[in-house]
Each structure stands twice: as structure tokens, then as C-alpha cells.
Amino acid sequence: MSDKSNAFSTNPVRSTMLPYGQQWIDEQDIEAVVEVLKGDMITQGPAIEAFENKVAAYVGAKYAVAFTNGTAALHGACFAAGIGEEDEVITTPITFLASSNCVLYQGGTPVFADIDMNTYNLDPAMIELKITERTKAIIAVDFTGQPVEIDRISMLARDRQLVLIQDAAHSLGASFGGRKIGSWADMTMFSFHPVKHVTTGEGGIITTDNEEYYRKLMLFRSHGVTKIPGELTKNDGPWYYEMQELGYNYRMTDLQAALGVSQMDKLDDFIARRREIVSMYNERLSNIPGVIIPIQHPKAESSWHLYVIRIEPTCSQGSRREWFEALRAEGIGVNVHYIPVYLQPFYKKMGYQPGLCENAEHYYETAITLPLFPKMSNSDVDDVVAAIVKVSKRFS
């Protein structure tokens, strides 16, 4: 810890660390899981379909297919899209590793396009510049819960005959142009990790209106195996099944699904509380020197998974690292989302180099994620703001 940030370790704003994100589980959620535990099936049972139907209905999609986690769901989407060797898939570097790793799993090549410095999302103009004859798909990531410019990206994908996969791990409950995320893209992935809007412990789902994608996703998550009579090449009897693709065991359990069904009942309330906290942050942080608060696209209505501020180097004597360490010393569990994917050692070994996306790298050097989750109290928000004001004065 630097000398400047260490100066805050005495008389901190908080005596206990406030995390940047946290699940909210109540007795109703616990009872839903216990009910499944007392039943006959704790996996591959009816709770899975109930959860899938609930998510599909909420976002306005025809189909939903649940997976063990969001990464597995993205892998399934790349499989369903037919991504393979020689195929390129354009995505953002400001995301979790899964958004591009899923392309590698299928033998494809991730191509990173730069971000818009207002929204921190993929810049549609940068996507267009990266399209080649090898481009097969776009994986557009809704960073922080703010949807990408999905209208422009959808039109681009349609015009270039590309598959559009929306990584909406951050944006369940968000909308663009008044239309819910989950019904725009060819396939949309949502995540149910504990820090997301609702949780199944671990879990992910793909929503789609395309029946062919739906059937491929169903095969892929269960070893590539089907028992549906109309899909079999022959039928030896009621026991008969066929492995028709090389799939994986990516099945969600009924325990997870039951928790998900219960959590979905609270989703709108969770999002409303996130937006209340964001409103307080926006009002109280907007005039602090050196702090840049998030900007929202006029057509987007974010569901606010993350609240990211940036530290403007020209207005602060403290570096981003010093701010980070100082806020941690005050008991504020800040985080950083994300290190540009192509700067990871594994990607460097593949030939990706620094300087590929200048906006993304500048963003990374200045970004700090503040705590944001529905269970936060107004007093918690007060603590975050007080800590930022304290640190700002020290570094001004």
C-alpha cells in the first residue's frame, strides 16, 4: 500500500469491509430449495423448465435453456451458432474472460473492437471496421448493466449475415428503446452468479426465438444426447437414446432452478433498489473533482449491475491504484472491472499486443467499481460517499 493511501488506515469511515456486490437470500428462497430437497428429483426435474419459462416470459423470448453457469451458456451459444476453426468473432476487451474464451472453446478466433468512452460498451463503428470475410458472429456485452446500442448492432449483424450473441450477464431487467434485453439478439445470455441481479448460486441461461438454436442448445448441455422420438435416427424402444453431437454436461440442478424461480419474483424490486442507490451516487458524486460518474445512452435503461467511476489523472494527484488502496483502507470494498482481455498472459502468447484498443486501455487505467447491491442501506451509501470525499480531498 502506498504512503498516501496508508494515511487513511487510521480512523477509517467503516470498521468492517463493505463488499462491491452480494446476494440477497430470504426465507422464501430457502423454503423453495428445501421443498425440492424433500421431493423426488433434485436434478433434471420440473424446476428447470419452470425457471426457464419464467425467464423467457420476463424478457419476452420464445425459448430459454438453463446451464450450469454463464460461461457454459456462452459456450453453448457459440456451438449453436456453428462457430469453428477459421471463424472470427468480434467482441469487447472490457469484459470477463468468458466472453472471448467461449470462442476459443469452439476453435474460433476472438477479435477485439474498441469501446465507446461514454458508455464503455462496444462502439458499433469499431465493430464494423473489424468485420472480415472470416467473421461469423458478434458477441456484444452489456457492460455494467447498460445495454449496448443493440439497434445499430442488430442492423449491422443482419446486413452482414452475422450471428448476434448478446452477453447480458450484467443486464437482466434492462431495456433498450423500451424493449427488454433478451429478445433483441439471436441468442442472449444471462448470468445468475451471487453478485448478479438474481442468483442460482452459479448458473446461466440462453434466451432465443430461434427453434433451431433452441434444439442445439438443449443437445449441447446434456452430452449431445436426445430421447425425443421425432429427432432419433432409429428407435429400439422406450429406453433408447442417441448422442447426436459432442456435447457437455452443463445441466443446471433443480436446487439451483428452484432458487432462481423464487429470486425472479423479486427481480423488479432488486432493480428498483439498485436504481435508487445509483440516483444517490449520481447526485452526490457528480461535483467531486477528479471523479467521472457513469453516462447513460439516451435509449438505454440500465439494470445497474455495476457502478463504475473513473479517476481523471489531470484532476487528481492520486493514481487509480492509490485511490483503490485508500478506499479499501476506509472499509469500502471497491473493485476493478475489467482488465482488457487481450492483456492477459494467455492471450499475449496467442499474439495479441498492448495498444490494440486504446480506449479500453485508457478506461482500465482509470476505472474503479463502487459497491452496489440491493441489500445496501442508505447508511452504506453514505459511507461510500464519505470515503470518496475524504480520499478526493487528500489527493486534490
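The name given to the protein in an unreviewed UniProt entry is Aminotransferase DegT, with the source organism recorded as Paenibacillus graminis.

(A) A look at the sheet that holds strand β5 (residues 163-167). Strand order in the open sheet formed by seven strands is β1-β9-β8-β5-β4-β2-β3, and the pairing between neighbours is mixed. Of all the strands in the sheet, the pair left with one neighbour each is β1 (63-67) and β3 (109-112). With strand direction ignored, the average angle separating the axes of adjacent strands in the sheet is 25°. Bridge count for strand β8 (residues 187-191) against strand β9 (residues 204-208) is four bridges, and the pairing is antiparallel. Opposite Ser191, over in β9, you have Gly204 as the bridge partner. Packing of helix α5 (residues 98-105) onto the sheet brings it into contact with β2 (88-91), β3, β4 (135-141) and β5, and relative to β3 it is tilted by some 150°.

(B) How the structure looks around the sheet that holds strand β6 (residues 175-176). The strand order across the open sheet formed by three strands is β7-β6-β13, and the pairing between neighbours is antiparallel. For this open sheet the edge positions go to β7 (179-180) and β13 (300-301), each flanked by a neighbour on one side alone. Sheet analysis places β6 next to β13, joined by two bridges and oriented antiparallel. Of the residues in β13, the one forming a bridge with Phe176 is Ala300.

(C) Local environment of the domain arrangement of the protein. Each assigned domain of the protein is listed with its residue range as follows: domain 1 (27-262) and domain 2 (266-395). Inter-centroid distance (C-alpha atoms) of domain 1 to domain 2 is 27 Å. Tallying the contact residues gives 42 residues for domain 1 and 39 residues for domain 2. Buried area between domain 1 and domain 2, both sides added, is near 3500 Å², and the carbon and sulfur share of it is 60%. At the boundary of domain 1 and domain 2, one finds two salt bridges. Lys299 is paired through a salt bridge with Asp151; the nearest N and O atoms lie 2.9 Å apart. Applying the counting rule to domain 1 against domain 2 returns 28 residue pairs in polar contact (both at pLDDT 80 or more). Listed by contribution, the elements that provide at least two residues to the side of domain 1 that touches domain 2 are α2 (27-37), α5, β3 and β6.

(D) Just the packing of helix α4 (residues 70-80) against α5, in detail. Running from N to C, α4 and α5 cross one another at 45°; their axes reach a closest spacing of 9 Å. Considering the angle they form, α4 stands oblique to α5. Crossing angle aside, the handedness with which α4 passes α5 is right-handed. On α5, the residues that touch Thr71, Leu74, His75 and Cys78 of α4 are Ala98, Ser99, Cys102, Val103 and Tyr105. Per-class residue counts for the contact of α4 with α5 are six nonpolar, three polar and no charged.

(E) Representation of a nonpolar patch on the surface in the model. Judged by side-chain polarity, Ile25, Ile30, Val34, Leu37 and Ile42 come together as a nonpolar surface patch covering roughly 380 Å² of accessible area. Mapped onto the elements of the fold, Ile30 is located in helix α2. A residue is classified by how much of its surface remains accessible, and Ile30, at 39% relative accessible area, is partly exposed.

(F) Representation of the pattern of salt bridges. On inspection of all chains with the given rule, the structure shows 21 salt bridges. Linking Asp29 and Lys266 is a salt bridge whose minimum nitrogen-to-oxygen distance equals 2.8 Å. Taken together, the residues Asp29 in helix α2 and Lys266 in the loop between α9 (254-264) and α10 (267-285) connect sequence positions 237 residues apart. Side by side, Asp29 and Lys266 carry an identical accessibility label, which is buried. Note that Glu276 is salt-bridged to Arg273, the shortest N-O span being 2.9 Å. Of this pair, Glu276 and Arg273 are both found in helix α10, three residues apart, which corresponds to roughly one turn of the helix. For Arg273, a relative accessible area of 15% translates into the label buried. Connected via shared salt-bridge partners are Arg14, Asp380 and Asp383.

The rules we used
- Residues numbered from 1 in each chain as written.
- Predicted model: local features only at pLDDT ≥ 70, side-chain atom pairs only at ≥ 80, totals over all residues.
- Heavy atoms only, no water.
- Pairing = 2+ DSSP bridges.
- Helix = DSSP H or I, 4+ residues; strand = E, 2+ residues; numbered from the N terminus.
- Axes fitted to C-alpha atoms, helices over the stretch in contact; angles between N-to-C directions.
- Contact = heavy atoms within 4.5 Å.
- Domains from an automatic or database assignment.
- Buried area = accessible area lost by both parts, 1.4 Å probe.
- Salt bridge = Lys/Arg side-chain N within 4 Å of Asp/Glu carboxyl O.
- Polar contact = N/O pair within 3.5 Å; in protein donor to acceptor, adjacent residues only side chain to side chain.
- Parallel < 35°, antiparallel > 145°, perpendicular 65-115°, else oblique.
- Left-handed = near helix turned anticlockwise from the far one by under 90°.
- Nonpolar A, V, L, I, M, F, W, Y, C, P; charged D, E, K, R; others polar.
- Patch = residues over 30% accessible without salt bridge, like charges linked within 9 Å, V, L, I, M, F, W, Y side chains within 5 Å.
- Areas by Shrake-Rupley, 256 points an atom, 1.4 Å probe, with all protein chains shown as cover.
- Buried < 20%, exposed > 50% of the residue type's maximum accessible area, 1.4 Å probe, protein only.

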